[in-house]
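# Structure at a glance
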Amino acid sequence: MRMKYVLTEVLVGLWRNVTMSIAMIITMAVSLFMLGGSGLLYQKVGDMKDLYYENVEVSIFLKTDVTAQQRTELDTKLNSDALIKQVTYVDKQQAYERFKKMYADAPDLVNAVKPDQLPESYRLKLNNPEQYKNIYDQYKDSEGVEEIVDQSKLLDKVFGVLTGIQNFALAIALVMAVAALLLVANTIQVAAYSKRREVAVMKLVGASNWFIQAPFVLEAVFAGLFGSILSLVALVALKVVAARGSLAALEGLITPISWSDIFLTFPLMAGVGGLISAVTAWVTLRFYLRV
């Protein structure tokens, strides 16, 4: 009987302030959508870093007049370096074959370049790609070395942009979360004020604070849970639209977001939305309305 009364009061309360309830649900949905999206972005950027940095190479290009002795000394030093995981020597002909594959769409450029014009090089895979600076400092002045190029420098710029997007999405999520919490608090205050006489009567007849507060808290929890469902729908719609739109071209660059990744974020969004809404409602009733 008590549970039926509480649930009835929840539905009546939501309908009584329907416009504020809708605004609260929509704001909660947007904030949870941004939170879920930024969480997925953090996860995928981390996966991308692991994938790309695992295959990143440092290239040591040799001078055109490098001697056999200089090449041998450098080769020995590289193969005995504890920082280096794998050493691959690329001679002029191999460099030319790579060049032809790289610029297969520009035959005039390929025909204008001869194998002797391309430098020999060593391609290095490091145990820790972030230790490139140590490799650079160690080999930049070695005899026969012309230039040292690190692919991770370019990746650092790419991931710098992605990290900026991450932080921006998270900042928007936090702003929307604050707005949602203020709406929850305001809605609960209005609902409690509209029922102030009923609350006073219940206190006079000895109703517990939990019984009085339960309908208001459940209103907020319902808004948080319904908002999390809407945010999940928005994430699903975004994936469908992105897969069919221009973002599909980035699938080979960006680690794809699977359906399981999206649906696994729902418990997080529902938990955060429901818990924060409940705590906000309880604090509002406890410290502002003194019921």
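Residues numbered from 1 in each chain as written. Predicted model: local features only at pLDDT ≥ 70, side-chain atom pairs only at ≥ 80, totals over all residues. Heavy atoms only, no water.

Here the focus is the overall build of the protein chain. Regarding its fold elements, the protein chain presents ten helices and four strands. When the helices and strands of the protein chain are listed from N to C terminus, the series reads α-α-β-α-β-α-α-β-α-β-α-α-α-α. Counting every atom, the protein chain has about 17,100 Å² of accessible surface; 64% of that belongs to carbon and sulfur. (Helix = DSSP H or I, 4+ residues; strand = E, 2+ residues; numbered from the N terminus. Areas by Shrake-Rupley, 256 points an atom, 1.4 Å probe, with all protein chains shown as cover.)

Below, the discussion takes up the nonpolar core. With 19 residues, the main nonpolar core has V184 and I188 as its most contacted residues. Taken together, the elements giving at least two residues each to this core come down to α2 (18-55), α7 (152-194), α9 (209-244) and α10 (259-289). It is α9 that contributes the most residues to this core, seven residues altogether. In this structure, I60, L124, Y132 and Y139 belong to the second largest nonpolar core, which totals 15 residues. (Core = buried A, V, L, I, M, F, W, Y, C linked by side-chain atoms within 4.5 Å. Buried < 20%, exposed > 50% of the residue type's maximum accessible area, 1.4 Å probe, protein only.)

We now examine the pattern of salt bridges. With the rule as written, the count across this model stands at two salt bridges. The partner of E120 in a salt bridge is R71, and the shortest N-O contact between them spans 2.9 Å. On the criterion of sequence distance, the pair formed by E120 in the loop between α5 (107-112) and β3 (121-126) and R71 in helix α3 (residues 68-79) is long-range, its members being 49 residues apart. Assessed through its relative accessible area of 8%, E120 is described here as buried. Among the residues examined, R71 registers a relative accessible area of 23% and is labelled partly exposed. In this structure, the salt-bridge partner of K100 is E97, at a minimum N-O distance of 3.6 Å. Of this pair, K100 and E97 both sit in helix α4 (residues 92-102), separated by three residues, roughly a single helical turn. What makes E97 partly exposed here is its relative accessible area of 34%. (Salt bridge = Lys/Arg side-chain N within 4 Å of Asp/Glu carboxyl O.)

Volume-wise, the second largest pocket comes out at about 270 Å³. Lining the second largest pocket are S59, F61, A95, R98, F99, M102, Y103, L118, P119, S121 and R123. Mapped onto the lining of the second largest pocket, the elements with two or more residues apiece are β1 (58-62), α4 and β3. Looking at which element gives the most residues to the lining of the second largest pocket, the answer is α4, with four residues. (1 Å grid on protein atoms, 1.4 Å probe; cavity = no way out; pocket = protein on both sides within 12 Å on 5 of 7 lines; lining within 4 Å. Points joined across faces, edges and corners; volume = space filled by probe spheres on them.)

Attention now goes to the sheet that holds β3. Taken together, four strands build an open sheet; the order of strands is β2-β3-β1-β4 and the sheet is antiparallel. Every interior strand has two partners, whereas the edge strands, β2 (84-90) and β4 (145-150), have only one. Strand after strand, the sheet turns through a mean of 20 degrees between neighbouring axes, direction not considered. Across five bridges, β1 lies against β4 in antiparallel orientation. (Pairing = 2+ DSSP bridges. Axes fitted to C-alpha atoms, helices over the stretch in contact; angles between N-to-C directions.)

Overall, the coordinates contain three aromatic pairs when judged by the stated rule. Between F222 and F226, the ring centres sit 5.8 Å apart and the planes meet at 15 degrees, which makes this aromatic pair stacked. With F222 and F226 both in helix α9, this residue pair falls four residues apart, about one helical turn. For F222, a relative accessible area of 37% corresponds to the partly exposed category. (Phe/Tyr/Trp six-rings, centres within 6.5 Å; stacked < 30°, edge-to-face > 60°.)

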